[in-house]
Amino acid sequence: MLGLLILATTLWCIRQPRTLPESQCSPAYWHYAQVPGIEASFVKDFPLNDTVSIDVTLLQATTDPAWQHLKEDFGINHLTPKMLDNLNKGKVVTRFAPKCNYSMLMDSVCKVNNDLISFSFTDQIVSVFHVEDTVQYHAVKMWQLNAMINKYPLKNIKNEKKNN
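Residues numbered from 1 in each chain as written. Predicted model: local features only at pLDDT ≥ 70, side-chain atom pairs only at ≥ 80, totals over all residues. Heavy atoms only, no water.

Colleague: What exactly am I supposed to notice about the overall build of the protein chain here?
Modeller: Counting its regular elements, the protein chain contains five helices and six strands. Counting from the amino terminus, helix and strand elements in the protein chain follow one another as α-α-β-β-α-α-β-β-β-α-β. When the accessible surface of the protein chain is summed, it comes to about 9600 Å², and 58% of that surface belongs to carbon and sulfur atoms. (Helix = DSSP H or I, 4+ residues; strand = E, 2+ residues; numbered from the N terminus. Areas by Shrake-Rupley, 256 points an atom, 1.4 Å probe, with all protein chains shown as cover.)

Colleague: Explain the pattern of salt bridges here, please?
Modeller: Between side chains of opposite charge, a pair can form when the charged atoms approach closely. Throughout the structure, instances matching the rule amount to two salt bridges. Notably, a salt bridge pairs Asp115 with Lys99, separated by 2.5 Å at the nearest N-O pair. Residue Asp115 is found in strand E4 (residues 114–120), and its partner Lys99 is found in the loop between strand E3 (92–98) and E4; the two are separated by 16 residues along the sequence. Residue classification places Asp115 among the buried positions, given a relative accessible area of 2%. Accessibility expressed as a relative area gives 36% for Lys99, which makes it partly exposed. (Salt bridge = Lys/Arg side-chain N within 4 Å of Asp/Glu carboxyl O. Buried < 20%, exposed > 50% of the residue type's maximum accessible area, 1.4 Å probe, protein only.)

Colleague: Teacher, can you tell me more about the pairing of strand E5 (residues 125–130) here?
Modeller: Looking down a regular strand, the side chains alternate between one sheet face and the other. Within E5, six of the six residues are buried, leaving the element largely enclosed by the surrounding structure. Side chains of E5 alternate between two faces, with Ile125, Ser127 and Phe129 and Val126, Val128 and His130 buried alike. Where strand E2 (residues 53–61) meets E5, six bridges bridge the pair, whose relative direction is antiparallel. For Asp55, the partnering residue across the bridge sits in E5 and is His130. Relative to E5, E4 is paired through five bridges, and the arrangement is antiparallel. Within the sheet, the bridge partner assigned to Ile117 lies in E5 and is Val128. The hairpin turn running from E4 into E5, its antiparallel successor, is four residues long, and Gln124 in that turn takes a positive phi close to 55°. (Pairing = 2+ DSSP bridges.)

Colleague: How should I be thinking about the packing of aromatic side chains in this particular structure?
Modeller: The geometry of an aromatic ring pair comes down to the distance between the two centres and the angle between the two planes. Throughout the structure, instances matching the rule amount to six aromatic pairs. Consider the rings of Phe46 and Trp143, whose centres lie 5.5 Å apart with planes at 90°: the pair is edge-to-face. Pair noted here: Phe46 is in strand E1 (residues 38–47) and Trp143 is in helix H5 (residues 134–149), with a separation of 97 residues, a long-range link. Ring geometry for Phe129 against Trp143: centres 5.3 Å apart, planes inclined by 50°, an arrangement best described as tilted. Taken as a pair, Phe129 in strand E5 and Trp143 in helix H5 lie far apart in primary sequence, 14 residues in all. One aromatic cluster is present, built from ring pairs that chain together Tyr32, Phe74 and Tyr102. (Phe/Tyr/Trp six-rings, centres within 6.5 Å; stacked < 30°, edge-to-face > 60°.)

Colleague: I'm lost on the environment of Phe119 in this one. Help?
Modeller: Relative to the helices and strands, Phe119 is located in strand E4. Looking at Phe119, the relative accessible area reads 0%, which means it is buried. Each C-alpha atom of the pair Phe119 and Arg95 lies 8.8 Å from the other, and the pair is 24 residues apart in sequence.

Colleague: Help me understand helix H3 (residues 64–73) in this model?
Modeller: A turn of α-helix holds 3.6 residues, and therefore any two residues three or four places apart point the same way. Turning to H3, its buried residues number three or more, namely Ala66, Trp67, Leu70 and Lys71. The arc enclosing the buried residues of H3, seen along the axis, measures out at 140°, which places them on a common side. H3 presents Pro65 and Glu72 as exposed residues on the side facing more than 90 degrees away from its buried surface. At its buried positions, H3 is contacted by helix H2 (27–32), E1, E2, E4 and E5. Sitting at the head of H3, Thr63 places a side-chain oxygen 3.2 Å from the backbone nitrogen of Ala66. Following H3 by one or two positions, Gly75 adopts a phi angle in the positive range, close to 70°. (Arc of directions from axis to C-beta. Contact = heavy atoms within 4.5 Å. Polar contact = N/O pair within 3.5 Å; in protein donor to acceptor, adjacent residues only side chain to side chain.)

As structure tokens, this is what we get:
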């Protein structure tokens with residue numbers, strides 16, 4: 001009986017979502033987790049393919065002022081007219097931006113100094129894919145291309161290590 005209880009408890013623990021301590025989340029998560037009107041989530045080791053995973057911060061605005069705040073912080077207001085037109089049509093737009101300031105243009109000298117930022121006006125979501133090396137950089141570019149072709153919504157990014 002005790003063995004069955006231990007087995008059931010172990011299986012339950014394995015299947016339950018794990019919440020990371022806030023100290024293991026990204027600085028972007030820390031910054032926005034307490035901002036009113038923004039639901040911040042951090043996904044540890046989101047699988048890009050069979051061998052590469054990446055950490056992702058998801059920021060969803062739940063109010064118009066919070067969405068304006070995200071648009072300013074991530075430089076959405078400075079996007080090209082074509083990119084803004086695509087956003088207004090419900091498409092997801094992505095760009096690389098320096099880790100030090102997401103509103104700036106990408107660092108074209110050292111690609112891994114950038115994170116991939118995805119915007120969805122429809123869902124009012126900003127996703128930050130935290131790039132750590134060139135393998136992740138190339139894998140996230142391919143994942144994003146496939147996500148755009150297959151119309152994979154940003155709100156579907158999650159795994160069992162989500163922190164709300």
